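Structure at a glance
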Amino acid sequence: MRIHLDLLGKLKSVAAMKGMAGYQSLIKYYIGQGLLRDIDLVRQIEEQDARIEAGLKKIGLSAGQIQSFWKKMSRQEEVAGARPEA
């Protein structure tokens, strides 16, 4: 993730004012707070993942195959997220 220098400076200042170890801790805090606000969406994603995994088990995939599936899905999401926005 790239952060503009001005924003990075502000993050460092806020982190220091809050007594945090550094701006990375502050970013993690902000992400956590955002996820708490979207807890219903997080739960929907978890439920969807559980349904997918149950389906994979039902068709006979082993634990290793399922783990491989999730790794591939994760890589695809990373690639999709790396695409420049229009």
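Placed above this text is the structure.
All residue numbers refer to positions counted from 1 along the written sequence of the respective chain. Since the coordinates come from a predicted model, pLDDT governs what is reported: local features require at least 70, and pairs of side-chain atoms require 80 or more to be given and counted, while whole-chain, interface and lining totals use all residues. For the side-chain quantities, the full set of heavy atoms in the structure was used; hydrogens and water were omitted.

Attention now goes to the overall build of the protein. Secondary structure elements are taken from DSSP: a helix is a run of H or I of four residues or more, a strand is a run of E of two residues or more, and numbering for both begins at the N terminus. Counting its secondary structure elements, the protein contains four helices and zero strands. Across the protein, helices and strands are ordered from the amino to the carboxyl terminus as α-α-α-α. When burial is assessed residue by residue, the protein has 9% of its 86 residues classed as buried. Averaging the positions of the 14 positive and the 10 negative side-chain charges in the protein gives two centres separated by 5 Å. When accessible area is computed with a 1.4 Å probe and restricted to protein chains, residues below 20% of their type maximum are described as buried, those above 50% as exposed, and intermediate ones as partly exposed. His is not counted, nor are the chain ends, whereas Lys and Arg count as positive and Asp and Glu as negative. Working definition for charges: the position is that of NZ of Lys, CZ of Arg, CG of Asp or CD of Glu.

Right, let's get into a negative patch on the surface. Patch criteria: residues need more than 30% relative accessible area and no salt bridge. Like-charged residues are merged within 9 Å; nonpolar side chains of Val, Leu, Ile, Met, Phe, Trp and Tyr are merged within 5 Å. Exposure was quantified through the Shrake-Rupley algorithm and a 1.4 Å probe, taking into account, for residues, occlusion by the shown protein chains and nothing else. Here, a salt bridge means any side-chain nitrogen of Lys or Arg that lies within 4 Å of a carboxyl oxygen of Asp or Glu. On the surface, a cluster of negative charge is made up of E46, E47, D49, E77 and E78. At the level of elements, α3 (39–58) and α4 (63–82) are the ones that each hand at least two residues to the negative patch. At three residues, α3 tops the list of elements feeding residues into the negative patch. Here E77 shows up in helix α4.

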